[in-house]
Amino acid sequence: MRRLVDAAGLAGFLAGIAAVLPDPDEIVMLCIGTDRSTGDAFGPLLGSRLLQAGWPHVYGTLREPCDADRLPDVLAGLPAGKTVIAFDACLGSPANVGKYSVARGPLLPAEAVGKRLPEAGHYSAAAVVAARSAKPYYALMTAPLSLVMDMAESAAAAAAEAWRLTPAGSGRLRRDVHERTDLDCGKPDPRGIRR
């Protein structure tokens, strides 16, 4: 049965999974969505943040979104024997925008826009990014980017905390930035040419 929770409730939901399955290598984070719609970018944004945090098995990022066209192939190619936690964006009542619909069990991707795609996940969480309307595609496309980004950040932080991974945007990422070469940083080379 699905239930609606806030960011703290999502953290508790993920912590409960981590208590039963403490090894991140046994978990697949399946982040469904596309980078071509503001609301539906929740999944790819989350996937990218999880990857930055050091999550070992992430499917669906900004560089390689797991959208409606790719989902069946991605599902067929998931590693056998691992537990899948599926994330997606969804629509809901205006009072529930900003909450997460969580369940022990799968979600139905693209249900809000009337598509029939394979169910996904042993566990699932859907971010309510906009209010349900007669024009669901429009509602997803016009969801506030700040809300979607905040929800993805909260979900990534909750997962990092539950499995004690390096939080996205922490020291590891900053170290990567400082390790770039002078030429990468736009400093002049010895010939005086700025790159």
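All of the points below concern the structure found in this document. What you see is a predicted model; the values in this text were computed from it and never measured.

Structural notes on unusual backbone geometry
In this model, Arg164 sits at a positive phi of 55°, which is unusual for a non-glycine residue. The topology assignment puts Arg164 in the loop between helix H5 (145-162) and helix H6 (171-178).

Details of the environment of Val102
Inspection of the secondary structure puts Val102 in strand S5 (residues 100-103). In this structure Val102 comes out as buried when scored by relative accessible area, which is 1%. Those residues in contact with Val102 that lie beyond four places of it in its chain are Met1, Arg2, Arg3, Val5, Leu10, Phe13, Ser124 and Ala125.

Thoughts on the nonpolar core
Ranked by internal contacts, the top residues of the largest apolar core, which has 42 residues, are Leu14, Met29, Phe42, Val129 and Trp163. When contributions to this core are tallied by element, the ones reaching two or more residues are helix H1 (7-20), strand S2 (27-31), helix H2 (42-52), strand S4 (83-92), S5, strand S6 (123-131), helix H4 (136-141) and H5. Discounting chain neighbours no more than four positions away, the residues touching Met29 are Leu50, Trp55, His57, Val58, Tyr59, Ile85, Phe87, Ala159 and Trp163.

Side note on the packing of aromatic side chains
All told, the structure shown has three aromatic pairs when counted by the stated rule. Considering the side-chain rings of Phe42 and Tyr100, the 6.4 Å spacing of their centres and the 55° angle between planes classify their relative orientation as tilted. Taken as a pair, Phe42 in helix H2 and Tyr100 in strand S5 lie far apart in primary sequence, 58 residues in all. On the accessibility criterion, Tyr100 (2% relative accessible area) is buried. Plain terms: the ring middles of Trp55 and Trp163 are 5.1 Å apart, the flat faces sit at 90° to each other, and that makes the pair edge-to-face. Linking Trp55 in the loop between H2 and strand S3 (58-59) with Trp163 in the loop between H5 and H6, this pair joins segments that are 108 residues apart in sequence. Each member of the pair, Trp55 together with Trp163, is buried.

Remarks on the packing of H2 against H5
One can describe the packing of H2 onto H5 by two numbers: an axis separation of 9 Å at closest approach and a directional angle of 40°. Considered as vectors, H2 and H5 are oriented oblique to each other. When you trace H2 past H5, the crossing you get is right-handed. Contact residues: H2 offers Phe42, Leu45, Leu46, Arg49 and Leu50, while H5 offers Val148, Met149, Met151, Ala152, Glu153, Ala155, Ala156 and Ala159. Split into classes, the residues belonging to the contact of H2 with H5 amount to eleven nonpolar, no polar and two charged.

Quick word on the sheet that holds S4
The strands that make up a sheet are held in pairs by hydrogen bonds between backbone atoms, and each pair lies either parallel or antiparallel. Taken in spatial order, the six strands of this open sheet run S1-S5-S6-S4-S2-S3, and their pairing is mixed. Since the sheet does not close on itself, it has two edges, and those belong to strand S1 (3-5) and S3, each with one partner. Pairing of S1 with S5 involves three bridges; the strand directions are antiparallel. Along S5, the bridge assignment pairs Arg3 with Val102. H5 contacts S2, S5 and S6 of the sheet and is inclined by roughly 160° relative to S6.

Description of the pattern of salt bridges
The final tally for this structure, using the stated rule, is two salt bridges. Of the charged contacts, one joins Glu153 and Arg49 as a salt bridge, the two residues approaching to 3.0 Å between their closest N and O atoms. Of this pair, Glu153 sits in helix H5 while Arg49 sits in helix H2, and the two are 104 residues apart along the sequence. In this structure Glu153 comes out as partly exposed when scored by relative accessible area, which is 35%.

Comments concerning the layout of surface pockets
Its boundaries defined by the atoms lining it, the largest pocket holds a volume of some 800 Å³. Contributing to the lining of the largest pocket are 38 residues, with Asp88, Ala89, Pro109, Ala110 and Glu111 lying nearest its centre. If you list the elements that add at least two residues to the lining of the largest pocket, you get S4, S6 and H4. Here the lining of the largest pocket takes five residues from S4, the largest share from any one element. Partitioning the lining of the largest pocket into residue classes produces 21 nonpolar, seven polar and ten charged.

Cut-offs used in this document
- Residues numbered from 1 in each chain as written.
- Predicted model: local features only at pLDDT ≥ 70, side-chain atom pairs only at ≥ 80, totals over all residues.
- Heavy atoms only, no water.
- Helix = DSSP H or I, 4+ residues; strand = E, 2+ residues; numbered from the N terminus.
- Buried < 20%, exposed > 50% of the residue type's maximum accessible area, 1.4 Å probe, protein only.
- Contact = heavy atoms within 4.5 Å.
- Core = buried A, V, L, I, M, F, W, Y, C linked by side-chain atoms within 4.5 Å.
- Phe/Tyr/Trp six-rings, centres within 6.5 Å; stacked < 30°, edge-to-face > 60°.
- Axes fitted to C-alpha atoms, helices over the stretch in contact; angles between N-to-C directions.
- Parallel < 35°, antiparallel > 145°, perpendicular 65-115°, else oblique.
- Left-handed = near helix turned anticlockwise from the far one by under 90°.
- Nonpolar A, V, L, I, M, F, W, Y, C, P; charged D, E, K, R; others polar.
- Pairing = 2+ DSSP bridges.
- Salt bridge = Lys/Arg side-chain N within 4 Å of Asp/Glu carboxyl O.
- 1 Å grid on protein atoms, 1.4 Å probe; cavity = no way out; pocket = protein on both sides within 12 Å on 5 of 7 lines; lining within 4 Å.
- Points joined across faces, edges and corners; volume = space filled by probe spheres on them.

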